[in-house]
There are 2 protein chains.
Amino acid sequence: MWYLVGAAAAVLTTFGFVPQILKMRRTRSVKDISLLTLVQFSVGVAIWGIYGWHLKDPVIVAANLISLLILLSAIAMYLKYRRATLR
Amino acid sequence: MWYLVGAAAAVLTTFGFVPQILKMRRTRSVKDISLLTLVQFSVGVAIWGIYGWHLKDPVIVAANLISLLILLSAIAMYLKYRRATLR
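This one's a predicted model, so the numbers in the text were calculated from it and none came from an experiment.

Novice: Sorry if this is basic, but what is going on with the relation of the copies chain B and chain A here?
Specialist: A rotation about some axis, followed by a shift along it, carries one copy of the chain onto the other. Mapping chain B onto chain A calls for a rotation angle of 180 degrees and an axial translation of 0.0 Å; the resulting RMSD is 0.0 Å. Given the turn and translation reported, the copies of this chain are related as if by a two-fold rotation axis. The rotation axis passes nearest to the C-alpha of Asp 32 of chain B in chain B, at a distance of 2.7 Å. Mapped onto chain A, 100% of the interface residues of chain B again fall at the interface, so both copies present the same surface.

Below, the structure written as structure tokens:
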């Protein structure tokens, strides 16, 4: 049962930036978003993944790899729409 | 030495929303920010904290409690500036 509590927490935080990405996609506006927050999270989850690799824990590696992919998508979308705004 | 790697990852992700909060404070504009992302992270780190309590791991509890406080500050600031925009 406690396993499910941990799993729920992991799913919520791993996919935490998905609503933000969907909003960026919908509005095509990213002016108020902090790029530094996205970059800081990306570096953070990358290091978490390396730490999980060291611990030989596949759950930590997988969760942080998924987070990293979501964050890189968010950064790509940020840069795309920021450029569009500047034009 | 690996302890420092885990600590670096924890600090980066725990304080990940700080640059976003500073940007909200500076620009007083929150239009592009996803409230759902902030709420989803808040619920997620709250459950992580409960899970850490179950594991009797003070590091997990403390890190997620700090994250939760930062996220609640971000939500409070979002609501404040969103209301200001609507006026």
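From this point, the narrative continues.
Novice: Explain the interface of chain B and chain A to me, please; I cannot follow it from the model alone.
Specialist: Chain B puts 33 residues into the contact, and the matching count from chain A is 33 residues. Across the interface of chain B and chain A, roughly 3200 Å² is buried in total on both sides, 66% from carbon and sulfur atoms. Looking at the side of chain B facing chain A, the largest losses of area belong to Trp 2, Asp 32 and Gln 40 of chain B, adding up to 20% of the total buried there. Between chain B and chain A we count 0 salt bridges in total. Where chain B packs against chain A, one counts 27 residue pairs in polar contact (both at pLDDT 80 or more). The set of elements that each furnish at least two residues to the side of chain B that touches chain A consists of α1 (2–14), α2 (18–27) and α3 (35–54) of chain B. It is α3 of chain B that provides the largest number of residues to the side of chain B that touches chain A, a total of 12 residues. Tallied by class, the residues present in the side of chain B that touches chain A amount to 20 nonpolar, 10 polar and 3 charged.

Novice: When you look at the packing of helix α3 (residues 35–54) of chain A against α1 of chain B in this model, what are you seeing that I'm missing?
Specialist: A packed helix pair is summarised by two numbers, namely the angle formed by the two axes and the spacing between the axes. Running from N to C, α3 of chain A and α1 of chain B point in directions that differ by 150 degrees, and their axes come no closer than 8 Å. Here α3 of chain A lies roughly antiparallel to α1 of chain B, going by the angle between them. In terms of crossing hand, the pair formed by α3 of chain A and α1 of chain B is left-handed. Touching Gln 40, Phe 41, Val 43, Gly 44, Val 45, Ile 47, Trp 48, Ile 50, Tyr 51 and His 54 of chain A of α3 of chain A are Trp 2, Val 5, Gly 6, Ala 9, Ala 10, Val 11, Leu 12 and Thr 13 of chain B, all from α1 of chain B.

Novice: It is not clear to me how the environment of Phe 15 of chain A should be interpreted in this structure. Could you clarify?
Specialist: Looking at where Phe 15 of chain A falls in the secondary structure, it is placed in the loop between α1 (2–14) and α2 (18–27). In the structure, Phe 15 of chain A is positioned 14 residues away from Met 1 of chain A in sequence and 22 Å away in space, judged by C-alpha atoms.

Novice: How should I be thinking about the UniProt feature "transmembrane region" (unreviewed entry) in chain A in this particular structure?
Specialist: Per the UniProt record, "transmembrane region" (unreviewed entry) is found at residues 6–22, 34–53 and 59–79 of chain A. Counted over residues 34–53 of chain A, helix gives 95% and strand 0%. Its end C-alpha atoms are 29 Å apart.

Novice: Which parts of the structure should I look at to understand the side chain of Asn 64 of chain A?
Specialist: Among the secondary structure elements, Asn 64 of chain A is positioned in helix α4 (residues 58–86). Apart from residues lying up to four places away in sequence, Asn 64 of chain A is in contact with Val 45, Trp 48 and Gly 49 of chain A.

Rules used throughout
Residues numbered from 1 in each chain as written. Chains lettered and ligands numbered in written order. Predicted model: local features only at pLDDT ≥ 70, side-chain atom pairs only at ≥ 80, totals over all residues. Heavy atoms only, no water. Least-squares fit on C-alpha atoms with pLDDT ≥ 70 in both. Contact = heavy atoms within 4.5 Å. Buried area = accessible area lost by both parts, 1.4 Å probe. Salt bridge = Lys/Arg side-chain N within 4 Å of Asp/Glu carboxyl O. Polar contact = N/O pair within 3.5 Å; in protein donor to acceptor, adjacent residues only side chain to side chain. Helix = DSSP H or I, 4+ residues; strand = E, 2+ residues; numbered from the N terminus. Nonpolar A, V, L, I, M, F, W, Y, C, P; charged D, E, K, R; others polar. Axes fitted to C-alpha atoms, helices over the stretch in contact; angles between N-to-C directions. Parallel < 35°, antiparallel > 145°, perpendicular 65-115°, else oblique. Left-handed = near helix turned anticlockwise from the far one by under 90°. UniProt positions renumbered as here; feature names shortened; annotations may be inferred.

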